[in-house]
Amino acid sequence: MLNKICNFISKYMAGIVIVVAAMALLLPASFNWISTSWITPLLGLVMFGMGLTLDPHDFKVVFTRPKDIIIGSLAQFIIMPLTAFLLSRVFGLSDELAIGVILVGCCPGGTASNVMTYLAKGDLALSVGMTTVSTVLAPFLTPLLTLLYAGERVHVNALGMFLSIIEVVILPIILGFVFKKLFPRQTQRLSAYLPAFSSVMIALIVGIIVSANAPKLLTGGLLIVLVVVLHNICGLSMGYLVGRALRLSHKKCSAISIEVGMQNSGLASSLATVHFAMYPMATVPGAVFSVWHNVSGAVVAKIYAKQQEKKEKAEQ
């Protein structure tokens, strides 16, 4: 019974996140009893779950295929931050919305990207390798890029952000990895439930953020949604185009596209909550991105999978 429930949650994650966001928006009382201070520990649990799934083999691709990893990582940390900065300027976003969008752009790839790459029949090893590398680089690049693109608008405590990312991302992943090594049998039993667990944590984070900002979202939410959607679509399309321009295979292009387009938006909301508390709306772009990128990711995964199937039939 529990397996069926977990499979249902994993399969319909995008729909569940949308329902939670709608509930939090229309009935804020359903989630606003949970303090926004819970966002960071909830994200830490998601990262601990990621650590439980890591395997030394995941790091092998970094050394055996450095060219692919470098291309993907450069695309990740150039396209999304720059696009976020340009969109915030083009749409004349306020400081608090601009910092929220820029934070999303400067964060590493999201763990859901690996699932979407698998569904897209893309290069899963490349996707996992990119997620791992971008997560390891995040404590250094996320604060520096945020300072570069948002430092003129607001005060950015780069050192504080570095320490926060270590605390909420790197340490939980290490703890999860160590737990797996020390307790392999228990980890094996837990592995079937991890995707559903992460989905529930992400949905809770979305619910907390949306409910806390429901009144402002109802009055000016369309602009935020528009910018977030454009940001995500630019990442997905430009990630694929970079791969094609460098003559990479469709499977590699699919992986880079999804990895670039899908961000660790929960981390963006956590950083906004901790370091930009004077700008409460800065948490919202991350929450909206968490909802939208699961929808767009599922859609492009189907498109890429069909293209891969056609390619395979043509080669037979």
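Calculation rules
- Residues numbered from 1 in each chain as written.
- Predicted model: local features only at pLDDT ≥ 70, side-chain atom pairs only at ≥ 80, totals over all residues.
- Heavy atoms only, no water.
- Helix = DSSP H or I, 4+ residues; strand = E, 2+ residues; numbered from the N terminus.
- Rg over C-alpha atoms; globule rule 2.2 N^0.38 Å.
- Buried < 20%, exposed > 50% of the residue type's maximum accessible area, 1.4 Å probe, protein only.
- Areas by Shrake-Rupley, 256 points an atom, 1.4 Å probe, with all protein chains shown as cover.
- Lys, Arg positive; Asp, Glu negative; His and termini not counted.
- Charge placed at Lys NZ, Arg CZ, Asp CG, Glu CD.
- Disulfide = S-S within 2.5 Å.
- Phe/Tyr/Trp six-rings, centres within 6.5 Å; stacked < 30°, edge-to-face > 60°.
- Expected span 1.5 Å × (residues − 1).
- Arc of directions from axis to C-beta.
- Contact = heavy atoms within 4.5 Å.
- Core = buried A, V, L, I, M, F, W, Y, C linked by side-chain atoms within 4.5 Å.
- Patch = residues over 30% accessible without salt bridge, like charges linked within 9 Å, V, L, I, M, F, W, Y side chains within 5 Å.
- Salt bridge = Lys/Arg side-chain N within 4 Å of Asp/Glu carboxyl O.

1. Here's the deal with the overall build of the protein
- Across its full length, the protein carries 15 helices and zero strands.
- A compact globule built from 316 residues should have a C-alpha radius of gyration of about 20 Å, and the protein, at 18 Å, falls within 12% of that.
- Expressed as lengths along the three principal axes of its C-alpha atoms, the size of the protein is roughly 55 × 45 × 35 Å.
- Burial status across the protein gives 53% buried among its 316 residues.
- Counting every atom, the protein has about 14,600 Å² of accessible surface; 71% of that belongs to carbon and sulfur.
- Side chains of the protein give 22 positive and 12 negative charges; the mean places of these two sets differ by 8 Å.

2. Description of the state of the cysteines
- Under the criterion given, the structure shown has zero disulfides.
- There is no disulfide at C106, and the cysteine sulfur nearest it, in C107, is 7.3 Å away.
- For C106, a relative accessible area of 0% puts it in the buried group.
- We note that C234 lacks a disulfide partner, and the nearest cysteine sulfur, in C106, lies 15 Å from it.
- Judged by its relative accessible area of 24%, C234 falls in the partly exposed class.

3. With respect to the packing of aromatic side chains
- Enumeration over the complete set of coordinates arrives at five aromatic pairs.
- Ring plane angle 65° and centroid distance 6.1 Å describe the contact between F48 and F179, whose orientation is recorded as edge-to-face. Of this pair, F48 sits in helix α3 (residues 39–53) while F179 is found in helix α9 (residues 158–182), placing the two residues 131 residues apart along the sequence.
- Look at F179 and you get partly exposed, because its relative accessible area is 26%.
- By way of ring pairs, the aromatic residues F48, F179 and F183 are connected into one cluster.

4. Examining unusual backbone geometry
- A positive phi angle, near 60°, is found at K121, a position not held by glycine.
- Here K121 shows up in the loop between α7 (112–119) and α8 (124–150).
- Accessibility expressed as a relative area gives 36% for K121, which makes it partly exposed.
- You will see that R247, though not glycine, has its phi angle at about 60°, which is positive.
- Note that R247 resides in the loop between α12 (214–245) and α13 (250–261).

5. Some remarks on helix α2 (residues 13–26)
- Taking 1.5 Å as the rise per residue, α2 with 14 residues should run 20 Å; its terminal C-alpha atoms sit 20 Å apart, in good agreement.
- All buried positions along α2 are accounted for by M13, A14, V17, V20, A21 and A24. Down the axis, α2 shows its buried residues gathered within 130° of arc, on one side only.
- Elements that come into contact with the buried residues of α2 comprise α1 (2–11), α11 (194–212), α12 and α15 (284–315).

6. Side note on the nonpolar core
- Ranked by internal contacts, the top residues of the largest apolar core, which has 87 residues, are L103, V169, I224, I256 and L267.
- Setting aside its immediate chain neighbours within four residues, V169 contacts M47, T135, S164 and L267.

7. Thoughts on a nonpolar patch on the surface
- Judged by side-chain polarity, I70, L74, I78, L82 and L86 come together as a nonpolar surface patch covering roughly 450 Å² of accessible area.
- Position of L74 among the secondary structure elements: in helix α5 (residues 66–90).

8. A look at the pattern of salt bridges
- Using the criterion set out here, one finds six salt bridges in the structure.
- Between R65 and D68 there is a salt bridge, with its nearest N and O atoms 3.2 Å apart.
- Classification of D68 as buried rests on a relative accessible area of 5%.
- The residue K121 makes a salt bridge to E309 at a minimum N-O spacing of 2.9 Å. Taken as a pair, K121 in the loop between α7 and α8 and E309 in helix α15 lie far apart in primary sequence, 188 residues in all.
- Residue classification places E309 among the partly exposed residues on the basis of a relative accessible area of 33%.
- What emerges from the salt-bridge pattern is a single network uniting R65, D68, D123 and K252.

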